[in-house]
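Coordinate analysis (summary)
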Amino acid sequence: MLNQLTISELTEKLRSGEASSREAMQACLDRVAAVDGKVNAFISHDAEDALEQADAADAARKAGADKPLLGVPIALKDVIAVKGQPLNCASKILGDFVSPYDATAVRKLKEAGAVVFGRLNMDEFAMGSSTENSAFGVTKTPWDLDRVAGGSSGGSAAAVTADEAIATLGTDTGGSIRQPAAFCGCVGIKPTYGRVSRFGLVAFASSLDQIGPMTKDVRDSATLLEILCGHDPLDSTSNPEPSPQLTANLNGDIKGMRIGLPKEYFIEGLDPQIKAAVEAAVKKLEGLGAEIVEISLPHTDYAIATYYIIANAEASANLARFDGVRYGARVEPGAGDPNPVFNLYARTRGQGFGAEVKRRIIMGTYVLSSGYYDAYYLRAQKVRTLIRQDYLNAFEKVDAIVSPTSPVLPFKVGEKADDPLQMYLADIFTISCNLAGICGISLPCGFSADPKLPIGLQLFGKPLGEETILRVAHAYEQATDWRAQKPQI
Amino acid sequence: MEYEAVIGLEIHVQLKTKSKMWCGCANEYGAEPNTNVCPVCMGLPGVLPVANEEAMRLTALAGYLLNCEVPRFAKFDRKNYFYPDAPKNYQITQYDKPSTQNGFVEFEFGGGLERVGITRAHLEEDLAKNFHYDRDSGMDFNRAGLPLLEIVTEPDIRNADMAHAFLNALKDIMIYGGVSHFDMEKGMARCDVNVSVRPVGQEKLNPRREIKNMNSFSGVRRALNYEIPEQIRATKAGETILQGTVRWNDDLGITESMRSKEDAHDYRYFPEPDLMPFEPTDEWLEEVKARVVELPLARKRRFMTDYELPEGDADVFVQNVPLGDYFEVAAKGVKNRKAVANWVINNLRAKLVEAGLEIGEVRFGPAAIAELVELVESKRITSKNAQEAFGIMFETGQAPTSIADEKGWKPADAGEIETFCDEAIAANPGPAEDVRNGKDAALNRILGHVMKLSKGSADPGQVREILTRKLKG
Amino acid sequence: MSDDAFDIHYVANLARIELSQEEEARMGAQLGDILGYVEKLKELDVSDVEPTAHAYPVKNVTRPDEVRPGLSHEEALANSPRVVNGLITVPKIVE
Ligand SMILES: [Mg+2]
Ligand SMILES: [Zn+2]
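For the structure given in this document, a descriptive report is provided here. (Residues numbered from 1 in each chain as written. Chains lettered and ligands numbered in written order. Predicted model: local features only at pLDDT ≥ 70, side-chain atom pairs only at ≥ 80, totals over all residues. Heavy atoms only, no water.)

With that out of the way, let us pick up the overall build of chain A. Counting secondary structure elements, chain A contains 15 helices and 13 strands. For 489 residues, the compact-globule estimate of 2.2 N^0.38 gives 23 Å, and the C-alpha radius of gyration of chain A, at 21 Å, lies within 12% of that figure. Principal axes of the C-alpha set define a box for chain A whose edges measure 70 × 55 × 45 Å. Within the span of chain A, comprising 489 residues, buried residues form 69% of the whole. Sequence separation of 24 or more characterises 75% of the internal contacts of chain A that already satisfy a separation of 6 or more. Positive and negative side-chain charges of chain A, numbering 49 and 59 respectively, have mean locations separated by a distance of 2 Å. (Helix = DSSP H or I, 4+ residues; strand = E, 2+ residues; numbered from the N terminus. Rg over C-alpha atoms; globule rule 2.2 N^0.38 Å. Buried < 20%, exposed > 50% of the residue type's maximum accessible area, 1.4 Å probe, protein only. Contact = heavy atoms within 4.5 Å. Lys, Arg positive; Asp, Glu negative; His and termini not counted. Charge placed at Lys NZ, Arg CZ, Asp CG, Glu CD.)

The next thing to look at is the sheet that holds strand 3 (residues 115–120) of chain A. Residue and element names in this part refer to chain A. On the basis of which strands lie adjacent, the open sheet formed by eleven strands has the order 1-3-2-6-8-7-12-13-11-9-10 and mixed pairing. Where the open sheet ends on each side, the last strands, each with one partner, are strand 1 (42–44) and strand 10 (291–295). Here the strands of the sheet are splayed against their neighbours by 35° on average, with no regard to which way each runs. Sheet topology note: the strand 7 (residues 187–190)/strand 8 (residues 210–215) ladder contains two bridges and is antiparallel. By the bridge assignment for strand 8, Val 187 is matched with Thr 215. Sheet strands in contact with helix 12 (residues 374–397) are strand 9 (258–262), strand 10, strand 11 (400–404) and strand 13 (454–461), and its direction is about 115° off that of strand 11. Taken strand by strand, helix 15 (residues 466–478) contacts strand 7, strand 9, strand 11, strand 12 (439–447) and strand 13, and its axis lies near 10° from that of strand 12. (Pairing = 2+ DSSP bridges. Axes fitted to C-alpha atoms, helices over the stretch in contact; angles between N-to-C directions.)

On to the coordination of the zinc ion (ligand 2). All names here are of chain B. Bound to the zinc ion (ligand 2) are the protein donor atoms Cys 23 (SG), Cys 25 (SG), Cys 38 (SG) and Cys 41 (SG), situated 2.3 to 2.4 Å from the metal. Around the zinc ion (ligand 2), the four donor atoms are arranged such that angles at the metal cover 100 to 116°; this shape is classified as tetrahedral. Within one chain, the residues donating to the zinc ion (ligand 2) are spaced in sequence as C-x1-C-x12-C-x2-C. With Cys 25 in the loop between strand 1 (3–14) and strand 2 (51–52) and Cys 41 in the loop between strand 1 and strand 2, this pair connects stretches of sequence that are 16 residues apart. (Donors = N, O, S within 2.8 Å, 3.2 Å for Na, K, Ca; no water. Tetrahedral: all angles 85-135°; square planar, octahedral: opposite > 155°, others 65-115°.)

Attention now moves to the pairing of strand 6 (residues 167–172) of chain A. Sheet faces and side chains relate simply in a regular strand, where the side chains alternate between the two faces. Residue and element names in this part refer to chain A. Extensive coverage of strand 6 is indicated by the burial of six of its six residues. Covered by surrounding structure in strand 6 are Ala 167, Leu 169 and Thr 171 together with Thr 168, Gly 170 and Asp 172, the residues of both alternating faces. Alignment of strand 2 (residues 73–77) against strand 6, held across three bridges, turns out to be parallel. Residue Ile 74 lies in a different strand from strand 6, and its bridge partner there is Ala 167. In this structure, strand 6 lies alongside strand 8, joined through five bridges in antiparallel fashion. Considered in strand 8, the bridge of Thr 171 is made with Ile 211.

Residues and elements named next belong to chain A. Helix length check: helix 15 (13 residues) gives 18 Å between terminal C-alpha atoms against 18 Å at 1.5 Å per residue, within 8%. With eleven of 13 residues buried, helix 15 is to be regarded as a mostly interior element. Of all the positions in helix 15, only Glu 466, Thr 468, Ile 469, Leu 470, Arg 471, Val 472, Ala 473, His 474, Ala 475, Tyr 476 and Glu 477 are classed as buried. (Expected span 1.5 Å × (residues − 1).)

Residues and elements named next belong to chain B. The magnesium ion (ligand 1) binds to the protein through Glu 124 (OE), Glu 124 (OE) and Glu 150 (OE); the donor distances cover 2.0 to 2.6 Å. With a gap of 26 residues between them, Glu 124 in strand 6 (residues 112–125) and Glu 150 in strand 9 (residues 147–153) connect regions that are remote in the sequence. Accessibility assignment for this pair places Glu 124 and Glu 150 in one class, buried.

The next point concerns helix 10 (residues 383–396) of chain B. Residues spaced three or four apart along an α-helix face the same direction, because each turn holds 3.6 residues. All names here are of chain B. In this model, helix 10 (14 residues) spans 20 Å end to end at C-alpha, consistent with the 20 Å of a helix rising 1.5 Å per residue. Three or more residues of helix 10 are buried, namely Asn 385, Ala 386, Ala 389, Phe 390, Ile 392, Met 393 and Phe 394. Looking at the buried positions of helix 10, the neighbouring elements they touch are helix 8 (337–355), helix 9 (366–377) and helix 11 (400–407). Looking one or two places after helix 10, you find Gly 397, whose phi comes out positive at around 85°.

With 53 residues of chain B at the contact, the number on the chain C side is 36 residues. Summing both sides of the interface, chain B and chain C together bury roughly 3800 Å²; the carbon and sulfur share of this comes to 56%. At the junction of chain B with chain C, the criterion picks out two salt bridges. The closest approach of N and O atoms between B:Glu279 and C:Lys59, which form a salt bridge, is 3.2 Å. Counting every contact that joins chain B to chain C gives 25 residue pairs in polar contact (both at pLDDT 80 or more). Counting residues per element, the ones that place at least two in the side of chain B that touches chain C are strand 2, helix 1 (53–65), strand 7 (129–132) and strand 8 (136–140) of chain B. Among the elements that take part in the side of chain B that touches chain C, strand 8 of chain B stands out by supplying five residues, more than any other. Split by residue class, the side of chain B that touches chain C holds 28 nonpolar, ten polar and 15 charged. One ladder, built from two bridges, connects strand 2 of chain B with strand 1 (residues 62–63) of chain C; its direction is parallel. Bridge pairing in strand 1 of chain C links B:Ala51 to C:Thr62. (Buried area = accessible area lost by both parts, 1.4 Å probe. Salt bridge = Lys/Arg side-chain N within 4 Å of Asp/Glu carboxyl O. Polar contact = N/O pair within 3.5 Å; in protein donor to acceptor, adjacent residues only side chain to side chain. Nonpolar A, V, L, I, M, F, W, Y, C, P; charged D, E, K, R; others polar.)

Now for the pairing of strand 8 of chain B. The element strand 8 of chain B is largely enclosed, with a buried count of five among its five residues. Along strand 8 of chain B, one buried face is formed by B:Asp136, B:Gly138 and B:Asp140 and the opposite face, lined by B:Ser137 and B:Met139, is buried too. Relative to strand 8 of chain B, strand 7 of chain B runs antiparallel, the two being bridged by four bridges. Across the sheet, the residue bridging to B:Phe131 is B:Gly138, located in strand 8 of chain B. Counting the residues between successive antiparallel strands, the hairpin from strand 7 of chain B to strand 8 of chain B contains three residues. As defined by bridge partners, strand 8 of chain B adjoins strand 3 (residues 87–91) of chain C across four bridges and the pair is classed as antiparallel. In the sheet register, B:Gly138 faces strand 3 of chain C, and the bridge partner there is C:Thr89.

As a further point, take the interface of chain A and chain C. The interface is formed by 73 residues belonging to chain A together with 54 residues belonging to chain C. Three residues, A:Ile362, A:Tyr366 and A:Arg379, lead the burial of chain A against chain C; their summed loss comes to 12% of the area buried on that side. At the junction of chain A and chain C, the tally comes to three salt bridges. Notably, a salt bridge pairs C:Glu18 with A:Arg347, separated by 3.2 Å at the nearest N-O pair. In this assembly, chain A and chain C are joined by 19 residue pairs in polar contact (both at pLDDT 80 or more). Those elements that place two or more of their residues in the side of chain A that touches chain C are helix 9 (303–318), helix 10 (340–352), helix 11 (355–368), helix 12, helix 13 (420–425) and helix 14 (431–436) of chain A. At twelve residues, the largest contribution of residues to the side of chain A that touches chain C is made by helix 12 of chain A. Classifying every residue of the side of chain A that touches chain C by side-chain character gives 40 nonpolar, 17 polar and 16 charged.

With an omega of 10°, the peptide bond between A:Gly151 and A:Ser152 qualifies as cis. Turning to its location among the elements, A:Ser152 is positioned in the loop between strand 5 (144–148) and helix 5 (154–161). Even without being glycine, B:Glu308 reaches a positive phi, approximately 50°. Structurally, B:Glu308 can be placed in the loop between helix 5 (296–306) and helix 6 (311–319). On the accessibility criterion, B:Glu308 (65% relative accessible area) is exposed.

To continue, consider the sheet that holds strand 13 (residues 254–257) of chain B. All names here are of chain B. Taken together, the eight strands give an open sheet; going across it, the order is 5-6-9-1-10-11-12-13, and neighbouring strands pair in mixed fashion. Taken across any chain shown, the strands that pair with only one partner, and hence form the sheet edges, are strand 5 (100–109) and strand 13. The sheet shows a mean angle of 30° between the axes of neighbouring strands, direction not considered. Pairing geometry for strand 5 and strand 6, over nine bridges, is antiparallel. Counterpart to Thr 100 in the pairing with strand 6 is Ala 121.

Turning our eyes to something else, we now look at the environment of A:Gly95. Residue and element names in this part refer to chain A. On the secondary structure map, Gly 95 appears in the loop between strand 2 and helix 4 (104–111). Take Gly 95: its relative accessible area is 31%, and that puts it in the partly exposed class. For the pair Gly 95 and Ala 329, spaced 234 residues apart in sequence, the C-alpha separation works out to 4.4 Å. Among all residues touching Gly 95, those that are not within four sequence positions of it are Asn 88, Gly 328 and Ala 329.

Our focus in this paragraph is the pattern of salt bridges. Residues and elements named next belong to chain B. As enumerated under the stated definition, the model contains 68 salt bridges over all chains in all. Note that Glu 311 and Lys 300 form a salt bridge whose closest N and O atoms lie 2.9 Å from each other. With a gap of eleven residues between them, Glu 311 in helix 6 and Lys 300 in helix 5 connect regions that are remote in the sequence. Owing to a relative accessible area of 6%, Lys 300 belongs among the buried residues under this scheme. Glu 328 is paired through a salt bridge with Arg 302; the nearest N and O atoms lie 2.6 Å apart. Note that Glu 328 is positioned in helix 7 (residues 321–331) and Arg 302 in helix 5, a separation of 26 residues in sequence. One connected set of salt bridges, linked through shared partners, spans Glu 294, Arg 299, Arg 302, Asp 325 and Glu 328.

Right, dumping it as structure tokens:
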């Protein structure tokens, strides 16, 4: 089945003429039709447009074109703008908004020849860790349809795992690529802040957000990331560095590499099955010739508090533009309303946003409000410095850091919905990566027994250290066969 | 008790760039509504700002022109408030680290020089333009995202006329410096006025009122001429002055209070995470400094001191910069600078207007004016000759000495003039008698005769001397 | 930084979000918990620490002052809920 292939496998078949892009696209669409009613990875997709793009790719190939992603179906999280496609951020508030422009990441995918299709489900405005905060229903992990896919890029993780797309893009502000990758059993990488342009990514927290690939194997992540990276003059926070070579050194050789094991990450509350799987993975890395070094990240315990102050403060301003004035679903005030403009705003936003988004905007507004800025926001930015310094210190001694991606296994739909703080605390392993601005990857490292649920292994790299963590992840992946196991939907 | 007003101004000035502050939309006045717009300046989901480098330069340039510091670190912040003219519901501005601060403007007022302090001049984005109808308000986003310089003065202004004079000086600086078109009718400059009154001698400031969105200097003057006496009257009558924001109603000639937003003062400023800090280098600052021009007042004073010109001449050279620059070259090394100024202002300027030419199109260089003045000064030719010579120079570009040679103008020799004087006295016996009897005015008639005989080559002063000696001994 | 000061009604108004009384009560309690949790940052002495705005700092990012094509008038207004005379409209703003 063509939809089950990786980018490298499909590209080979497209190049040899063994398969066409239309066939691959059709296989993905058939799979969506077959399973998405259960998984709910997609908010919407335009089959006709997808097939047209596939036909155009086939025609281009016939005419002699060869691009790295020519004819490869790739689906996107509903927070990345594609010209002519709906952009909802899994929220009601955007109404029937259609983007009049392409995100830079999308432009790069298109230039590389990809068939860009579908809007993938997510937590509304990327706020959440379970894809339960969506106006378009919950996305489930393909391994157990009673359990969540993780979030916020739950749709992206589930779609690629369930073979509904060859690869997908997600976004990661505090773990939103890596945690659902762990919950669904795929590979997801959060690049160094500034590596991938944020232009056209609807901002949640500007200083933390990054777009990243979600794929079936490590090589595909390297392939996609190589295409997505590079300086963008439309994003002032974009790194000036040229796009790195990421696929060239995926040779399985990690001998002599020093890998740090942070003692603060093996905490109470870490699921014993996850602990066991990660310890086994660490042994495996050691067996491959890596040197395992215990390290300390002393400010780990402050990361969640720091994160929720900074991210929500930025979000409170970023989401102010959703007001029903220039676009989106407006709630008109009643006739004779004494305060019509105020009420237009307050009702549009009160009814348009879901509970989690409202909670975070209100918290973010509060921490910035008169008299509280220093106590919350400024203090959090200073603690951020300490957290970042922890990592930079650790990277003096090691080339990469290994940890579990999540302390918990995929949980049941609704299980944590009423306790936002408990939900936040489960982000403990992923969040500091964004605060420190480093890169991180999650890849499968085993399964729990009864129910069988995937477990994710996380690797952190230094700023701009994607090549290193991809090399380690690839070596581990080659030495194990977790990828061969597929969910039965 | 005597009262005085304490006035500070906030002036918003659109910068003279080709494109907007954060996007490539045109900075153009008068386009059809919502045609100079893009995802960035409409605040669509997913967009990001990138700072216009020319706007950054013009801000630093304005700083230098306003005698400000240009700090080595500046950043942008978000000012959060909901209003339909703000596409993102926050305005990108500079809060605690502005691009430039701590300067002053010097200007002429009341026969002397006044100085008003500039607290800061920071860069921000303009907002959409609102149109109000019966039931709706409509927004044109063409103006949204234009680079806007907000200039904040110290409360150094004491009355309406001084505010007016300051604003005129500021406008001159901004236009002269190439920072802004400063066209108030087109909304390119807008002014908020903060005013309070206090007994003369009191240090402490009283609660102030802010008159918002003034769009003419004369309006500012009229509003202050209403607001100041009104505040003094109210204070004297023991009424409390309602602090807050008012609007000037030019039709009724009164200020009226505006509906205040309950949370107007909780702007929740925080550093704009989509933009990086700006830390200008020496090289960058030097580049900006090279664009600093001499300001009107400084130029005027320099022309008056360095060239000893009267105020009127200096004003001409301030208003007409190329003419003044031309004068400066012409006057180099010439002793009688006033004579040079006279030629440039009275002759050259008039001829240029008559011929519809620019100064760059004149056929002779400034050195020719200097040469002409020297010919007259050295009595080589008379002023009458010089007038004729100037006409020829303007037509042909021929050098004045060469014209004089060609015309055969030469200083008449003393013996010849003695002879002409004798002849003229003989030819005018009546006037000669009158002069002998003390009627000096009659001398002019004989002098005219001498000039005629010499074909204008005689120096009238010298002739007058000779005639006086001959007639009155 | 005490959560006693947290007035959800005031802050929700500032954020222009209308909440039902039930939402106010529930969210107020949840946010109280969260604000209580973030108090832990007070344990750290950060008096000598510089704040981090961006983890990967670059500076002096500008673009040349060039005009580039934007959206057509129609594209610009295509997503707007209410347009009159080419203007995006809201109920009359009273100043
Ligand atoms: Mg301002
Ligand atoms: Zn624009």
